[in-house]
Amino acid sequence: MNEWDTLIPLVSAARLQPYLNAANQNKEEALELYKLNIKLSETLYPFLSIFEVTLRNRIAAVLIAKYGGNWFNGNGGSWVDERGTSMTSYNDELDQLNKTKEKLNTQRKNLVLDNIIAELNLGFWTGMLKDSYQKTIWHHHIADLFPDVNPKNYNLKRNIKKIRGQADNIRRCRNRVFHHDPLFVGSYSFQNLLTNYLEGYQLISWLSQDIFRLLTSQDIFLKTVVKIPRNHWEFIMPRSSSNSQLIISKIVDFQENI
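Residues numbered from 1 in each chain as written. Predicted model: local features only at pLDDT ≥ 70, side-chain atom pairs only at ≥ 80, totals over all residues. Heavy atoms only, no water.

- In the nomenclature of an unreviewed UniProt entry, the protein chain corresponds to Abi family protein from the organism Phormidium pseudopriestleyi FRX01.

1. Here's the deal with helix α9 (residues 160–178)
- Here α9 is 19 residues long and its end C-alpha atoms lie 27 Å apart, about the 27 Å a rise of 1.5 Å per residue gives.
- Within α9 the residues assigned to the buried category are I160, I163, R164, Q166, A167, D168, I170, R171, C173, R174, R176 and V177.
- If you follow the buried residues of α9, they end up packed against α3 (27–43), α4 (45–67), α7 (122–127), α8 (134–145) and α10 (190–207).
- After α9 finishes, the residue H180 shows a positive phi value of roughly 65°. (Helix = DSSP H or I, 4+ residues; strand = E, 2+ residues; numbered from the N terminus. Expected span 1.5 Å × (residues − 1). Buried < 20%, exposed > 50% of the residue type's maximum accessible area, 1.4 Å probe, protein only. Contact = heavy atoms within 4.5 Å.)

2. Topic: the nonpolar core
- Counting residues in each nonpolar core, the largest one holds 77 residues, and the members touching the most others are W125, F184 and F190.
- Here the element with the most residues in this core is α4; it accounts for 10 residues.
- Leave out the neighbours within four places in its chain, and F184 touches Y19, L33, L36, N37, L40, S189, F190 and I236. (Core = buried A, V, L, I, M, F, W, Y, C linked by side-chain atoms within 4.5 Å.)

3. Let's talk about the pattern of salt bridges
- Considering all chains together, one arrives at 12 salt bridges under this definition.
- Across the pair K130 and E93 runs a salt bridge whose closest N-O atoms are separated by 3.0 Å. Taken as a pair, K130 in the loop between α7 and α8 and E93 in helix α5 (residues 92–106) lie far apart in primary sequence, 37 residues in all.
- The exposure class assigned to E93 is buried, which follows from its relative accessible area of 2%.
- Residues E119 and K103 are paired through a salt bridge, measuring 2.7 Å at the closest nitrogen-oxygen approach. (Salt bridge = Lys/Arg side-chain N within 4 Å of Asp/Glu carboxyl O.)

4. Concerning unusual backbone geometry
- In the segment running from N150 into P151, the intervening peptide bond is cis, with an omega of 5°.
- Looking at the element boundaries, P151 is found in the loop between α8 and α9.

5. Details of the side chain of E52
- Along the polypeptide, E52 turns up in helix α4.
- Polar contacts involving the side chain of E52 include one to the side chain of R174, which spans 2.8 Å. (Polar contact = N/O pair within 3.5 Å; in protein donor to acceptor, adjacent residues only side chain to side chain.)

6. Quick word on the packing of α4 against α9
- For the pair α4 and α9, interaxial distance at closest approach is 11 Å and the crossing angle is 130°. Between α4 and α9, the angle falls in the class oblique. For the element pair α4 and α9, the recorded crossing hand is left-handed. Facing α4, whose interface residues are Y45, F47, L48, F51 and E52, α9 presents A167, I170, C173, R174, V177 and F178.
- Residues belonging to the contact of α4 with α9 are distributed by class as follows: nine nonpolar, no polar and two charged. (Axes fitted to C-alpha atoms, helices over the stretch in contact; angles between N-to-C directions. Parallel < 35°, antiparallel > 145°, perpendicular 65-115°, else oblique. Left-handed = near helix turned anticlockwise from the far one by under 90°. Nonpolar A, V, L, I, M, F, W, Y, C, P; charged D, E, K, R; others polar.)

7. Regarding helix α11 (residues 209–218)
- Among the residues of α11, those classed as buried are Q209, F212 and L215. One side of α11 holds all its buried residues, which, seen down the axis, span an arc of 110°. Exposed and oriented more than 90 degrees from the buried face of α11 are D210 and S217.
- The opening residue of α11 is S208, an N-cap whose side-chain oxygen sits 3.2 Å from the backbone nitrogen of D210. (Arc of directions from axis to C-beta.)

8. Topic: the packing of aromatic side chains
- Counting across every chain of the model gives 16 aromatic pairs.
- Aromatic pair F184 and F190: ring centres 6.5 Å apart, planes at 75°, arrangement edge-to-face.
- Among the residues examined, F190 registers a relative accessible area of 0% and is labelled buried.
- Measuring from centroid to centroid gives 5.5 Å for F190 and W233, while their planes differ by 80°, and the two rings are edge-to-face. Remark: W233 occurs in helix α13 (residues 233–236) and F190 occurs in helix α10; sequence separation between them is 43 residues. The same class applies to F190 as to W233, namely buried. (Phe/Tyr/Trp six-rings, centres within 6.5 Å; stacked < 30°, edge-to-face > 60°.)

9. So, the packing of α4 against α11
- Viewed as axis vectors pointing N to C, α4 and α11 meet at an angle of 165°, and their least axial separation amounts to 10 Å. As far as their axial angle goes, α11 and α4 are roughly antiparallel. Crossing hand, α4 versus α11: right-handed. From α4, P46, F47, I50 and T54 reach across to α11, where they touch I211, L214, L215 and Q218.
- Grouping the amino acids of the contact of α4 with α11 by side-chain chemistry returns six nonpolar, two polar and no charged.

Given below as structure tokens:
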């Protein structure tokens with residue numbers, strides 16, 4: 001029995017099918033693409049981890065400064081939305097917060113700030129960037145969230161919707177990695193991946209130059225990308241690799257100019 005047939009019952013035909021489709025039904029090439037997906041997922045961990053931890057702690061710091069260290073219990077009240085809706089009204093982030101409290105109670109953990117922040121998922125923190133919080137929070141505190149924005153005159157207030165979209169795309173990329181989904185075949189293309197990576201690089205550098213330098217010292221994603229065998233590129237980028245090469249060049253330039 002060959003390697004492909006051995007993997008089918010273990011990995012599942014459905015999970016391997018996107019790679020088979022991308023490889024024009026060439027099982028040997030599909031298997032190499034599957035292995036490449038595993039390697040790329042592994043190398044994305046520092047980027048995704050640093051983005052999530054830094055974003056949540058920056059947002060939490062803004063909430064603490066504005067509403068106090070007990071903001072998650074509603075003593076600020078109006079953090080829920082721009083209309084000052086009571087904490088009993090339905091709200092996506094409030095719903096996640098209540099579920100987090102229930103989970104911590106089930107685990108018999110104290111409902112203290114550090115536990116709350118650590119337990120809330122990335123969807124909560126990216127959700128905190130949406131329009132509902134524009135007037136009450138980000139109109140006044142967006143510069144506190146991104147203290148190292150570059151260039152300094154970049155209009156964060158005007159571009160908050162764009163930033164939110166980028167952060168949410170990185171969240172989706174994170175979910176693909178953690179759920180072992182394809183990163184360059186099917187509905188999510190290799191160009192999508194590189195674009196999300198470039199945008200995340202920029203956001204991390206705006207959140208903190210220090211944490212960005214830590215990321216670049218640990219990150220091996222690009223080194224892995226540039227070593228992808230040339231024969232794989234026609235399957236990863238079936239039309240043209242020029243756009244991906246351009247994005248890679250932008251990432252390298254961005255690293256060198258920080």
